[in-house]
Amino acid sequence: RPWAKPVKIIFAGRFVEHRGTRLMEQVISVLLAGSYDLLFTLAGEGPDLLRLEQRFAGEQRVRFMRYSPLDAVRVHGEHDIAVVPSVGSQGTSFSLAEAMGAGCAVVASPVGGVTNMIIDGYNGRLVAARVDELVQAIVQLIVTPTYRASLGTRAMETVAMGFGLDRWKKRWSEVLTLVAGP
């Protein structure tokens, strides 16, 4: 992706503490205090939504939205960077897969199935679920658009090769054949 101003960053998913909402609240605050031209999108719902809305009320560089699952890749495709800062274990992250499939450069914490999707420095960034590490990784992507673009391209390739619908159908067919017999 070419250098674009503002750099658009999305945090999408269920707004619950173990998905990193409180951590992301701090990360956004630190980044907004810097001199970067940024626009944050917080997309989702959940118990921490009101907290986030109150924290960023009146902040023109933070917007809130919801979208249908059918629009997930399109919405992510309108952003440069996606952040998945989970602090608790999870399986395969749909928001991570959607962001990668859309070609976003992703920054995520190494929990659960996330480590099966991202190779740090190749198709995304894996960093500890800490404010300083997340901010550092995001800033690196903000100020290095060529690196950001290459991570996004590799992320899209990873999803196409490893998580695409054709592959999914083939693997499920193999499982069903194994269970049901020939």
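What counts as what
- Residues numbered from 1 in each chain as written.
- Predicted model: local features only at pLDDT ≥ 70, side-chain atom pairs only at ≥ 80, totals over all residues.
- Heavy atoms only, no water.
- Pairing = 2+ DSSP bridges.
- Helix = DSSP H or I, 4+ residues; strand = E, 2+ residues; numbered from the N terminus.
- Contact = heavy atoms within 4.5 Å.
- Axes fitted to C-alpha atoms, helices over the stretch in contact; angles between N-to-C directions.
- Salt bridge = Lys/Arg side-chain N within 4 Å of Asp/Glu carboxyl O.
- Buried < 20%, exposed > 50% of the residue type's maximum accessible area, 1.4 Å probe, protein only.
- Patch = residues over 30% accessible without salt bridge, like charges linked within 9 Å, V, L, I, M, F, W, Y side chains within 5 Å.
- Areas by Shrake-Rupley, 256 points an atom, 1.4 Å probe, with all protein chains shown as cover.
- Expected span 1.5 Å × (residues − 1).
- pLDDT = per-residue confidence, 0-100.

So, about the sheet that holds strand S2 (residues 38-45). Reading across from one edge, S3-S2-S1-S4-S5-S6 is the order of the six strands in this open sheet, with parallel pairing throughout. Both edges of this open sheet fall to strand S3 (62-65) and strand S6 (125-126), since each of them pairs with a single strand only. Note: S2 against S3, four bridges, orientation parallel. Pairing of Ala43 across the sheet is with Met65, part of S3. Contacts between helix H1 (residues 21-33) and the sheet are confined to strand S1 (7-14), S2, S3 and strand S4 (81-84), with S2 contributing the most and set at about 165 degrees to the helix.

Applying the stated criterion across every chain, the model contains 10 salt bridges. Across the pair Asp120 and Arg125 runs a salt bridge, and its minimum N-O distance is 2.9 Å. On the basis of relative accessible area, Asp120 is assigned to the partly exposed category, the value being 40%. Between Arg130 and Glu133 there is a salt bridge, and its shortest N-O distance comes to 3.5 Å. Overall, Arg130 belongs to the partly exposed group, its relative accessible area being 42%. Since its relative accessible area comes to 25%, Glu133 is described here as partly exposed. Within this structure, Glu17, Arg22 and Asp48 form a network of salt bridges that share partners.

Bringing a nonpolar patch on the surface into the picture now. Taken together, the side chains of Val175, Leu178 and Val179 present a nonpolar region at the surface, about 330 Å² in accessible area. As for its placement among the helices and strands, Val179 is situated in helix H7 (residues 165-180). Overall, Val179 belongs to the exposed group, its relative accessible area being 69%.

Here we take up the pairing of strand S5 (residues 105-108). Across the two faces of S5 the burial is the same, with Ala105 and Val107 and Val106 and Ala108 all buried. Pairing between S4 and S5: four bridges, direction parallel. Directly across from Val84, in S5, lies its bridge partner Ala108.

Time to look at H1. The terminal C-alpha atoms of H1, which comprises 13 residues, lie 18 Å apart, in line with the 18 Å expected from a rise of 1.5 Å per residue. The secondary structure elements touched by the buried residues of H1 are S1, S2, helix H2 (49-55), S3, S4 and helix H5 (131-143).

This part takes up H5. Between its first and last C-alpha atoms H5 spans 18 Å; for 13 residues at 1.5 Å apiece the expected length is 18 Å, and the two agree. Within the span of H5, buried status applies to Leu134, Val135, Ala137, Ile138, Val139, Leu141 and Ile142.

In this model, the protein chain carries an average pLDDT of 90, and 91% of its residues clear a pLDDT of 70 or more. Per-element averaging of pLDDT across the protein chain places H7 at the bottom with 69 and S6 at the top with 98.

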